[in-house]
Amino acid sequence: EWPETGRLALYLLGLRATCPPPEPSSQRSLVTWLKYYLEEDWAGSRQHGHPLTSYYQYSLGVLALCVHRKRVREEVIHRLLEAERHSRIRPAAGGAADTEAVVALAFTCLERERLAGSRLLSELRAARRRLRKRMVEAQGPDGFFGNIYSTPWAMQVFISSNTCQTEPVYGRAVAALQENLDAFTTAATMAQALPVLHGRSYLDIASTSCQKELDTLTPISSELPPETMGNVTVGLVVECPLQQCPQQWQVTMPAGASLLDVLRAATAQEPHNFTFDTQDTSQGPLLSTVLGLEAQRQKRSYWKLLSAPSINLQMGVAEYRPRDGETIILRLSKW
């Protein structure tokens, strides 16, 4: 079993944000489990040189403990500092904007809450500045930091450091985010986007005054959007380093169908030679297996989604809706 570092960290952040009734013994137990997971997560570091899960989940655990104002062992902080100093949190394939942003938020929180010694606080401050500089350099011409889903994390770095007004990249990111809000369709992705749209970061949870919190949660309209008429024809191409790849299929579906619907329809076509599987995550289903080939965390492999010829999809299989005539590439890749 892999340590549930990231999932428990997100749960604790959400628990603190909802101002629950005081249940000190229950919350203490969850915090204790998170501290345990942080140690278990690092158990394989001598063999792998990195946490068993990822630096993203590991730093998320540190951030959650800090938001709950719980001190973490200095060795845990040093592990993240060493990884940042030697660029270990940036995978060879790139795409580290969200990880670097979460690390920066964890460092900012530890510094703000003064949950480390004075010498360590100085190191955290220097590392936070380096990470924020990399955030600036990471912004693409589309205004995103990495991709649309890592952008809210990066924006929180500027919000938490009070540099929104002085960094032009922040304004461009806000505009890009507002133009692509339809990409945030799950509770997890909405939880990342909503705080920054209100100029807040997860660090603000630590100072929330629950006594003054109003019950403002109201249900949204339950009206369903009108059905889209017509059909679309979508191509599927599977690319992998093995002999059975590449292979391709063509699927016709009602307009508005998700990529997940397209994959399901492909498995029902004759001959029945297309297979896939997904894994449930906090951000929706993740494509885990295609044609019997499983993406393995131990081997740092994953199924990359592209719109032919080479456009990275910014949504998951359940959110993305292919266009008529579009070809989707499922590529087994390394991260």
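Coordinates for the structure precede this section.
What counts, and at which threshold
- Residues numbered from 1 in each chain as written.
- Predicted model: local features only at pLDDT ≥ 70, side-chain atom pairs only at ≥ 80, totals over all residues.
- Heavy atoms only, no water.
- Pairing = 2+ DSSP bridges.
- Helix = DSSP H or I, 4+ residues; strand = E, 2+ residues; numbered from the N terminus.
- Contact = heavy atoms within 4.5 Å.
- Axes fitted to C-alpha atoms, helices over the stretch in contact; angles between N-to-C directions.
- Core = buried A, V, L, I, M, F, W, Y, C linked by side-chain atoms within 4.5 Å.
- Buried < 20%, exposed > 50% of the residue type's maximum accessible area, 1.4 Å probe, protein only.
- Phe/Tyr/Trp six-rings, centres within 6.5 Å; stacked < 30°, edge-to-face > 60°.
- Parallel < 35°, antiparallel > 145°, perpendicular 65-115°, else oblique.
- Left-handed = near helix turned anticlockwise from the far one by under 90°.
- Nonpolar A, V, L, I, M, F, W, Y, C, P; charged D, E, K, R; others polar.
- Disulfide = S-S within 2.5 Å.
- Salt bridge = Lys/Arg side-chain N within 4 Å of Asp/Glu carboxyl O.

The sheet built from 5 strands is open, its strands ordered β2-β1-β8-β6-β7 with mixed pairing. In this open sheet, the two edge strands, each paired with only one partner strand, are β2 (247-254) and β7 (311-312). Looking at chain direction, strand β1 (residues 231-239) and β2 are connected through 8 bridges and run antiparallel. Within β2, the position partnered with Asn231 by the bridge is Pro254.

Next up on the list: the sheet that holds strand β5 (residues 293-294). Taken in spatial order, the 3 strands line up as β3-β4-β5 in an open sheet, and their pairing is antiparallel. Each of the sheet's edge strands pairs with one partner strand only, and the pair in question is β3 (276-281) and β5. Across 2 bridges, the pairing between strand β4 (residues 284-290) and β5 is antiparallel. Each residue of the ladder has a partner; that of Thr289, found in β5, is Glu294. Taken strand by strand, helix α11 (residues 259-268) contacts β3 and β4, and its axis lies near 150 degrees from that of β3.

What follows deals with the nonpolar core. Leu63 and Trp153 are the most contacted members of the largest nonpolar core, which has 69 residues in total. Look past the residues within four positions of Leu63 in its chain and what remains in contact with it is Leu105, Ala106, Cys109, Trp153 and Leu203. The next biggest cluster of nonpolar side chains, apart from the first, holds 29 residues, and it includes Val232, Leu260, Trp303 and Ile328.

Following Ala308, the chain continues into Pro309 via a peptide bond in cis, with omega recorded as 5 degrees. Summarising the element assignment, Pro309 is placed in the loop between β6 (301-307) and β7. Even without being glycine, Arg69 reaches a positive phi, approximately 60 degrees. Within the fold, Arg69 resides in the loop between α4 (55-67) and α5 (74-85). For Arg69, a relative accessible area of 47% gives the class partly exposed. Its identity as a non-glycine residue notwithstanding, Arg114 has a phi of 55 degrees, on the positive side. Looking at where Arg114 falls in the secondary structure, it is placed in the loop between α6 (97-112) and α7 (118-138). For Arg114, a relative accessible area of 55% gives the class exposed.

Scanning the model with the defined rule gives 9 aromatic pairs in all. Here the aromatic rings of Trp33 and Tyr36 are separated by 5.6 Å at their centres, their planes lie at 85 degrees, and the arrangement is edge-to-face. Taken together, the positions of Trp33 and Tyr36, both in helix α2 (residues 24-41) and 3 residues apart, correspond to about one turn of that helix. Relative accessible area serves as the criterion here: at 44%, Trp33 is assigned to the partly exposed category. With relative accessibility at 41%, the residue Tyr36 sits in the partly exposed group. Within the aromatic cluster, the residues linked to one another by ring pairs are Trp33, Tyr36 and Tyr37.

The next point concerns the packing of α6 against helix α8 (residues 151-160). Across the interface, α6 lies against α8 with an axial gap of 8 Å and an inter-helix angle of 25 degrees. As judged from the angle between their axes, α6 and α8 are roughly parallel. Between α6 and α8 the crossing geometry is left-handed. When α6 is examined against α8, the residues Asp98, Ala101, Val102, Ala104, Leu105, Thr108 and Arg112 are found in contact with a partner set consisting of Trp153, Ala154, Gln156, Val157 and Ser160. In the contact of α6 with α8, the residues fall into 7 nonpolar, 3 polar and 2 charged.

This paragraph deals with the state of the cysteines. In the structure shown here, the tally under the stated rule is 1 disulfide. The partner cysteine of Cys66 in its disulfide is Cys109, sulfur to sulfur 2.1 Å. Here Cys66 and Cys109 share a disulfide; its torsion about the S-S bond, -100 degrees, makes the bridge left-handed. Taken as a pair, Cys66 in helix α4 and Cys109 in helix α6 lie far apart in primary sequence, 43 residues in all.

Moving on to the pattern of salt bridges. For the coordinates displayed, the defined rule picks out 16 salt bridges. Its salt-bridge partner being Arg69, residue Glu113 comes within 3.3 Å of it at the nearest N-O pair. Here Glu113, found in the loop between α6 and α7, pairs with Arg69, found in the loop between α4 and α5; they are 44 residues apart in sequence, far enough to count as distant. Looking at Glu113, the relative accessible area reads 23%, which means it is partly exposed. A salt bridge links Glu84 to Arg130; the shortest N-O distance between them is 2.6 Å. Taken together, the positions of Glu84 in helix α5 and Arg130 in helix α7 put the pair 46 residues apart, joining distant regions of the chain. On the basis of relative accessibility, which here comes to 2%, the residue Glu84 falls in the buried class. It is possible to trace a salt-bridge network through shared partners that takes in Glu39, Arg73, Glu75 and Arg79.

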